[in-house]
Structure formats: structure tokens, C-alpha cells
Amino acid sequence: MMNNEKKPKEPLFHIAKRPAISWQKAWGIRVIAILLAFLFSGLVIMMLTKQNPISVYATMFDGCFRTEAKFWQLLQEMALLLCVSLAVTPAFKMHFWNIGAEGQVLIGGLATAACMIILGGKISNGLLLVVMIVASILAGAIWALIPAIFKARFNTNETLFTLMMNYVAIQLVSYFAMVWEKTKGAGTVGEISFGWLPRIGNNDYILNIIVVLILTVVLYIYLNKSKHGYELTVVGESENTARYIGINVNKVIIRTMLLSGALCGVAGLLIVGGKDHTINSSIAGGRGFTAIMVSWLAKFNPFYMIATALLLAFMQKGAGEISTVYGIDKAVSDIITGIILFFIIGCEFFINYELKFIKRHKEGE
Amino acid sequence: MFATLLSFFPRAVVQGIPLLYGSAGEILTEKSGNLNLGIPGIMYMGGIGGVIGAFLYENSVPATENLNPFLAVFIPLMSCLLVSLLGGLIYCFLTVTLRANQNVTGLALTTFGVGFGNFFGASLVKLTGSDIPSIALTRTSAFFTKKLPFAESLGWFGKLFCSYSFLAYFAIIVAIVMAIFLKRTRGGLHLRAVGENPATADAAGINVNRSKYLATCIGSMIAGLGGIYYVMDYANGVWSNEGFGDRGWLAIALVIFAVWRPNLSIFGSIVFGGLYIVYIFIPGMSMRSQELFKMLPYVVTIIVLIMVSIRKKKENLPPASLGLSYFREDR
């Protein structure tokens, strides 16, 4: 390519795949991208709201760390987001685009709420908790199993299938919210008084956080040290290779989606039993979609996900604070989150590829 | 019975038109191999783009009789197209030029677009100092909702087929033109080749990146028109945050329902529009059963998706490279 000097138009650079990049360098690029993103969204904030962006960021920081309660809420939000992110990770590693986490969480939450409402007060609290756990895990797993079976059997497009399942779940929850409504015509369930997950000490938040951290470690081991984890990685890289070395691809797809759905069910359990104590169609709160980005940004590594989940939870909590302090709409957080995501998504290019500038009027190397 | 149909059908159509725009745009995009899950966000952006244009124009012309009908339509339309184009460009730059993952980029774009719409919506509401959280642009909207002049005189026929605004007819024209483009022209063949197998298309001398950019950006602008139709016509110029709801996802569902064919999407949009509102027309239905009925469009889509994948007829399958980025040197 270099010798070809008679060519009339030579591109300024060409793009080549990087062989491998040290993790320090990769994270360096990511940190630069995040800083650039904050700089850019600072400019946007300044243009949109005429506020000093630094004071806006300071307010966001304040909203997350000023009081102990705010800090715990941030951690809880991070833990719940992390839980859903963990759930979608095995599926993504297998290149199964499960964007139905929102629905799987909702169905898990619905099953939890059903146990709390129907069995609450009729059986002992300990037994109720066991039933809740089993029911939520089963419900989430079944919701994920349906698209998985069709993917394995007929190669049905899983992205679109799981996406549609979300809205079926949302309507189901809206329906049951009206069936179980507290006062007639209200359409809301209100606080359910039975089946709350136990508190540890005097802290409302810590149980959820501990459960999710344990799941993080377990999932890391499952993905990286177990035979199952190896199999699903191979299926993700190349289904043909997997078949060639004797992996039953259909079995792996179904097993992995069962796990993914079950973990979403756990997230539903934690949200309904451990945080909201009620059910409505917005309890998943978009976490199913945000989790995809959390997981992808962390390169499917459960430990990195703690950091990315914290970043996104911080954005959401912080934006709530901005909107109350400055009187701007809280949708500004979505804009900033979007911009930051664009930068991080874009920077992956510079990790995977390099631009080789073509030297002109010189002999090729 | 006929009277019910007479009131049901037009309502199904006006519900369906935003979905038709969204799905037509998404079909064009997907034919180039880009699965743009940012369409719901782009439709929000298109909607608010139109609202901003209409707002600026209404504010610059205080007296209603001075409003120029052409400008009142042209300015909101242009700002709608510009803002939706911005969404399409962001998506293309990340997925085509920077080869990012399409699903993640699309979801990020939806987050961004919905935030964009709601933020500017809320800001405009604040500017007008209104008490209710919505903004009404009824003066410009009046030009958007103008119906065909002879609709009244044609009785039931007029009511069923002539009682819509120009944007509704334009949606149907767009879908038909797109169907002809994809099926009958060389450009359409090239575009389909890019979506099915970009490496082969590249080898045949088609500029893959250019096709992807063009299809996705034009598709985004078409989808954005769905947003402006919803606000300026269906909602009579009243923007309220989250008012557009989950119609964007329904538009993506409609793409599957129409098995990637814009002409089927016209019929599909009316079916979906009908499914969306059918609960209003069933007497004695309780609130809770209505919720179950709203599930219908999604369930129908899932069934279509399954049927298509079981029958595996080549012309009904999604474009083969849908969702994959293309890099010439990757093998």
C-alpha cells in the first residue's frame, strides 16, 4: 500500500485492528473518554440551563453523598442495577441479546408480590420468605425460558422476542395491580404488610447490598472458573466451534437463559420484598435497559460492573438533586447519561483499532 | 355495527400513522443491516423538534391571522427533520464509523432521545409559565390537522378514507414509495445486498458505509415524522412529557409484524392502531381487562415472529447481517 505512490487519492490514514492492548492503556482510554464526556455534557448543561457546570456537578455529588441516608440509597440503587446487570451478563457472553430483563424483573417482582398478598398472614413469615424466593426465581426463569426455547429450536430472533416480552409483562403487572388494588378504583396496591425481607441491624439497605455482592462473586467464579462458563463463552465466540468440540449448543442456550432469568427474578424479589414493598408496572424502572449498558461497558466482568453500575446510579441520583435545586427537569440526567454512554461506546473503537497515519513521500516500511 | 366501524376505523388509522412512520423508517434502516433500537428516542426527538419549531414560529408571529400557512407547516417540519437527522447521525457515527455494538448504541440513543424530548418539553412549559405540565400550540397545529375539503360531502366514504390530514396521506405515500424502491429499483437491490451480506456487496463495488449512513439517516427522519404527527395532529399541538408513551417500541414490533415490507406495514399499522384502542369499543369491559387487551399488539408480534422463524421462508426473514457491524478487514 505504501509503494503505491502513483495512486491519485491516498487516504490520510487507514484503520487496523490492534493485536492486544494492555489493560492499563485500555482503561486509560476509557477514563479519558469519561472525562471528555463530562466536559462535553458540562458545555451542554451550560448552554441549556445557563448554570455553571461545575456547581451543577457539585450539586450532583452532594445529592449522592451529603447525608448518610443519601449515600445508602446510592449504594442500594447501585446494588439493584448491578443485580440486573449480573443477570444479563451470562446471556450476553453467549451473544444472546436478552433485552427482556425489564420484563423478567417485573415478573419476578409480580411473583413475589403475589406470595406476599395471597399467603401473607396465613403461613409463618419464615416459610413465606422461602416461598417468595422460590416463586420469584421460577417466574423470572420461565419468562426467560420462553424466548430461549424458540431461539434454540427455531433460531427465532431473541432481541426482538425478549423486547416484546417486556411489554407483555408490563401489562400483566398493570392488570394484577388493579386486581389487588387497596381501595376500589385507586389502581394501586399500596404497601403490603407481609413478607418483608429481614433487616440487618438498623439498616434498611444493607441486606440487598450484601446479597448482590455475594452474587457478584459467585457469578464471577461461574463465568470464569466453571465448565458451564467456559461452554457459554465458546458458544458466544462461535457456535460451530462449540458444536465441533461436542458442546450441546441448545442445552447451553437454555441453561444460560434460565440462569439469566432466575437472577432477574432475584432482582425482582429484592425490589419488591426488600425495597418498595409494593408492586406496579414501573418497579423495574428501566433498569433492564440500563443494565445492558452497565454489563457491556464492564466488558462482562462482574467486578468491573460494580464501578459502571455505580457511575450510572450516581448519574440518576445526582440528577434528581439537580432538578430540585435548580428547578430544571430531571430528564437532564437522561441527556447527560446518553452523552456519557455515547463517549464510552465510541472510545471502544480506539481500544480495538488503531489509526495508522500514512506517511507520504517516503519509502514504505 | 356499521356505525361502530365508522367511528372505529378512523381512530385506528390516526393511532396507526405514528407507528407507520416509525416502522417505515426502521424498515429502511434494518434493510441496511442496522438494528436501530434508538427509534423510540428518535421519535421523541422528532416530536419535540416539531414543537420547538412551532413554538418559535408562533412566538414570532403574535397575531393568528398573520400566520402564513406554508411557514406554519414548513418550519416545524424542518426542525423536526433536522433533530431526527441528528439522532440518526449519532447512531451512524457510532455504529458504522466507530463500529460500536448496535444494541447498546440504540438503547443509549433511546435514553438520550427520550430525555431530550422531555427536557425541552419541560423547558418550554416553564418558558410559557403555564400551570399544567403541557404546552399547547393549537394555532400552528390547526394547519397540520386540516382535512381534505371534500371529506364532509362524501358521507361514510369520506369519513373512512378522506378525513385525515396531509401527514397521514404522506405516511402512506412514503410506505408505498419505499416498497417500490426496495423491490423494484437498483438502489433498493443494493441496499438489500448491504443488509444481507455486506462483504459481498462491498466486493460488488457498493459503498457499504455510505449505504448504511444514507438508509439510517433517512430512516430516522421518516421515524421523526411520526413524532411530529403525534404531537401536531393527533394531540392537536399539545405536548406533554411521556405523552408519546411506548409507541416507538410498538413501531419496532410493527416492523416484524410486517415482515420487513413497507406496504404490509400500512395494513399492519391500522391493525396495531385498532388493537391499541379496541378496548374502548367493547362494552362493559372493566379497567383491569383493558390492561390485558393492551397486551394484544405485543402478543400478536411474538406470534408473527415465531411463525416467521418456523417457516423460514427466505423472503420473510430479517436481513441476514442485521445487528452486525461491518469491517472490511474482519473475516
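Residues numbered from 1 in each chain as written. Chains lettered and ligands numbered in written order. Predicted model: local features only at pLDDT ≥ 70, side-chain atom pairs only at ≥ 80, totals over all residues.

Observations concerning unusual backbone geometry
Residues and elements named next belong to chain B.
Step number 1: Even without being a glycine, R99 presents a positive backbone phi close to 55°.
Step number 2: For R99, the location among the structural elements is in the loop between α3 (69–97) and α4 (102–128).
Step number 3: Under the C-beta neighbour-count criterion, R99 is labelled partly exposed, with 19 such atoms within 10 Å.
Step number 4: If you check the backbone angles, V259 has positive phi at about 35° while not being a glycine. (Helix = DSSP H or I, 4+ residues; strand = E, 2+ residues; numbered from the N terminus. Buried ≥ 20, exposed ≤ 12 C-beta atoms within 10 Å, placed from the backbone.)

With respect to the nonpolar core
Residues and elements named next belong to chain A.
Step number 1: With 206 residues, the main nonpolar core has L81, C83, V84, L110, M164, L263 and A267 as its most contacted residues.
Step number 2: When residues of this core are assigned to domains, at least three map to each of domain 1 (1–50 + 331–365) and domain 2 (69–316).
Step number 3: Leaving out residues up to four positions away in the same chain, L263 has contacts with C83, L86, A87 and L215. (Core = buried A, V, L, I, M, F, W, Y, C linked by C-beta atoms within 7 Å. Domains from an automatic or database assignment. Contact = placed C-beta atoms within 7 Å.)

Considering the domain arrangement of chain A
Step number 1: Per the domain assignment, the segments of chain A are domain 1 (1–50 + 331–365) and domain 2 (69–316).
Step number 2: Summarising the inter-unit geometry, the C-alpha centres of domain 1 of chain A and domain 2 of chain A are found 34 Å apart.

Points about the interface of chain A and chain B
It is common to report an interface's size as the accessible area lost on association of the parts.
Step number 1: On the chain B side, the residues contacting the 37 residues of chain A number 42 residues.
Step number 2: The set of elements that each furnish at least two residues to the side of chain A that touches chain B consists of α5 (125–154), α6 (158–179), α11 (287–297) and α13 (332–352) of chain A.
Step number 3: Among the elements that line the side of chain A that touches chain B, the one with the most residues is α6(A), at 12 residues.
Step number 4: Residues that form the side of chain A that touches chain B fall into these classes: 24 nonpolar, nine polar and four charged. (Nonpolar A, V, L, I, M, F, W, Y, C, P; charged D, E, K, R; others polar.)

A few points about helix α2 (residues 53–65) of chain A
Residue and element names in this part refer to chain A.
Step number 1: Over its 13 residues, α2 extends 18 Å from the first C-alpha to the last, a length consistent with the 18 Å expected when each residue adds 1.5 Å.
Step number 2: Among all positions of α2, only V56, M60, G63 and C64 are buried. Here the buried residues of α2 occupy an arc of 95° about the axis, which is enough to place them on one side. The exposed set on the far side of α2, more than 90 degrees from its buried face, consists of I54 and A58. (Expected span 1.5 Å × (residues − 1). Arc of directions from axis to C-beta.)

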